[in-house]
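Residue-level listing of the chains:
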Amino acid sequence: MSVEPGAPKVPLYQQVKRDLLAAIAAGEYAPGRPFVTQREICERFNVSHATAVRALNDLAAEGHVVRKRGQGTFVAERPPEQTARDADGTIACVLQYQGPHVGRLLAGIEEVCAQLGYRLFLNHCEGDPAREEQALTRALDHGVDGVIVYPTEGSGVLAPYAEARRRGVPLVMVDRYRPDLATDAVIADNFAAGRDLTTALIGAGHRIIATLWDEIDVTSVRDRLAGHIQALREHGIAARPDLMVLRPYSVQSHEARRALLAELLRGPHPPTVLLCANGYVLATAAEDLVALGLEIPGDIDLAGMDDAGPFDVLPLTAAAISLPSREMGRRAMRLLHRRITEPGASEPELVVLPISVQTRQSSVGHLRVVGRQVATRAEQKERQAR
């Protein structure tokens, strides 16, 4: 286990815990069977006994493993479930935008809320900092027990976070974190998303990769860009600044977007794949490429740094990242519950969940998009034969 350059700083015990959870999920340790021992953790991860104990304590507290006196530690027979609380507490959930990714996040939050007996107040702020501030302030004024927030881009909202801290109301961020605020957060491994996806594209033969972004002033984007650059370095590929400019793509006009793509593609060494920040950027890029008369794949390929979008992006991509959206929601709500029931138990945590890379080869089918202005290869051959 190692900490990647540019990756978010995660406590060592959390890294150990994350890897052990991944091992359980992968079936390395079967339910009801003995789990790895403290000594084995120390040897496997080269960590101290204190770190091993803390990782095991967290896994036991969350119900992933059980301890049996005189026998050792065993993998839980089924996923941990909390018993419902006697008091019906209230949680405020402040989210941005709507779509499959946010829908799955919310489903995970609602699932654990139902298990624990909480009522949930939901606000969608559509990326508006003023609406986020208003929603958080209103939640605090109504005396909620805790808050889960998917923060807007940037760091302009400060007052309600300071007020929550003053009142002792626990708050957990989800999907991204804010480096300027010391709060709990549950995120996907965005550094690995950028690195692993770029590595998969290089393995498929792509060595000139351009990036297209949506939001730019958020930790998820910075971490993905850092992972992308790291993968290029690991494969001896020079990072070209002109191919990874941090600028919003989707919000530009049709003309501006298509002019940008045309400029990228007419150079002496054009990209062979566009690495899109999310499924919405990918869908917009596909529309623009078709308008320019290009085939996907063929003239150029697409890849998605996450699967949040208006439709399943995988059939249209060379590769795409699959986010643990629902699990992020579950873990955020469990962490918030722990903060409510055990106030001041520990310092803030940054929980980083593993991602997975899906490739075109793993899809049940794939799409081919043909620009209206360009004939297909088969049509060109048929015309030549005439």
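Remember, predicted model here, so these are calculated numbers, not experimental data.

A. Representation of the sheet that holds strand S7 (residues 184-188) in the model. Taken in spatial order, the six strands line up as S4-S3-S5-S6-S7-S12 in an open sheet, and their pairing is parallel. Each of the sheet's edge strands pairs with one partner strand only, and the pair in question is strand S4 (119-124) and strand S12 (350-353). Strand-to-strand twist in this sheet, taken as the mean axis angle between neighbours without regard to direction, amounts to 15°. Of the pairings in the sheet, the one linking strand S3 (residues 90-95) to strand S5 (residues 146-149) comprises four bridges and is parallel in character. Within S5, the residue paired with Ala92 across the bridge is Val147. Together, S3, S5, strand S6 (171-174), S7 and S12 form the strand contacts of helix H11 (residues 325-341), whose direction differs from that of S7 by roughly 165°.

B. Inspection of the side chain of Arg257 at higher detail. Tracing the chain through its elements places Arg257 in helix H9 (residues 254-265). A polar side-chain atom of Arg257 sits 2.9 Å from the main-chain carbonyl oxygen of Gln252. Within the local environment of Arg257, its side chain forms a polar contact with the side chain of Asp288, the two groups lying 2.6 Å apart. Each residue touching Arg257, except ones within four places of it in the same chain, is listed here: Tyr249, Ser250, Gln252, Thr284 and Asp288.

C. A look at unusual backbone geometry. Backbone torsion omega between Ile296 and Pro297 reads -15°, so that peptide bond is classified as cis. Of note, Pro297 is situated in the loop between helix H10 (279-291) and strand S10 (301-304). Although it is not a glycine, Glu126 adopts a positive phi angle of roughly 55°. Here Glu126 is to be found in the loop between S4 and helix H5 (129-141).

D. Inspection of the sheet that holds strand S11 (residues 319-322) at higher detail. An order of S8-S9-S10-S11-S13 is seen for the five strands of this open sheet, with the pairing classed as mixed. Both edges of this open sheet fall to strand S8 (209-212) and strand S13 (356-359), since each of them pairs with a single strand only. Direction aside, neighbouring strands of the sheet carry axes that sit 25° apart on average. Strand direction decides the pairing type here: S11 and S13, joined by four bridges, are antiparallel.

E. Seen up close, the environment of Gly304. Within the secondary structure layout, Gly304 lies in strand S10. On the accessibility criterion, Gly304 (0% relative accessible area) is buried. In this structure the C-alpha to C-alpha distance between Gly304 and Ala277, which are 27 residues apart in sequence, comes to 6.2 Å. With residues up to four places along the chain from it excluded, the contact list for Gly304 reads Leu197, Cys276, Leu282, Thr317, Ala319, Ala320 and Ile321.

F. Fine view of H10. An ideal rise of 1.5 Å per residue puts 18 Å on 13 residues; H10 measures up with 18 Å between its terminal C-alpha atoms. Regarding H10, the residues found buried are Gly279, Val281, Leu282, Ala283, Thr284, Ala285, Ala286, Asp288, Leu289, Val290 and Ala291. Residues of H10 that are buried in the fold lie against S8, H9, strand S9 (273-276) and S10. Structurally, the start of H10 carries an N-cap: the backbone nitrogen of Tyr280 is 3.0 Å from a side-chain oxygen of Asn278. Gly293, located one to two residues past H10, shows a positive phi value of around 85°.

G. Fine view of the packing of helix H1 (residues 12-25) against helix H3 (residues 49-61). At a closest axis distance of 9 Å, the pairing of H1 and H3 adopts a crossing angle of 55°. Here H1 is positioned oblique relative to H3, judged by the angle of their axes. By crossing handedness, the relation of H1 to H3 is classed as right-handed. Here Leu12, Tyr13, Gln14, Val16, Lys17, Leu20 and Leu21 of H1 come into contact with H3, specifically with Thr51, Arg54, Ala55, Asp58 and Leu59. A class-by-class count of the residues in the contact of H1 with H3 yields seven nonpolar, two polar and three charged.

H. Inspection of the environment of Leu201 at higher detail. Considering the arrangement of structural elements, one finds Leu201 in helix H7 (residues 190-203). C-alpha of Leu201 to C-alpha of Ala320: the two residues are 119 residues apart in sequence and 9.8 Å apart in space. Beyond its immediate stretch of four places on either side in the chain, Leu201 contacts His206, Ile209, Val273, Leu275, Ala303, Ala318 and Ala319.

I. Fine view of the nonpolar core. One finds Leu212, Leu274, Leu302 and Met333 to be the most contacted residues of the largest nonpolar core, which totals 68 residues. Per-element tally for this core: the top contributor is helix H4 (residues 100-116), with seven residues. Core analysis: the next-biggest nonpolar cluster, separate from the first, contains 22 residues, Leu140, Val147, Val169 and Ala185 among them.

What counts, and where the lines are drawn
Residues numbered from 1 in each chain as written. Predicted model: local features only at pLDDT ≥ 70, side-chain atom pairs only at ≥ 80, totals over all residues. Heavy atoms only, no water. Pairing = 2+ DSSP bridges. Helix = DSSP H or I, 4+ residues; strand = E, 2+ residues; numbered from the N terminus. Axes fitted to C-alpha atoms, helices over the stretch in contact; angles between N-to-C directions. Contact = heavy atoms within 4.5 Å. Polar contact = N/O pair within 3.5 Å; in protein donor to acceptor, adjacent residues only side chain to side chain. Buried < 20%, exposed > 50% of the residue type's maximum accessible area, 1.4 Å probe, protein only. Expected span 1.5 Å × (residues − 1). Parallel < 35°, antiparallel > 145°, perpendicular 65-115°, else oblique. Left-handed = near helix turned anticlockwise from the far one by under 90°. Nonpolar A, V, L, I, M, F, W, Y, C, P; charged D, E, K, R; others polar. Core = buried A, V, L, I, M, F, W, Y, C linked by side-chain atoms within 4.5 Å.

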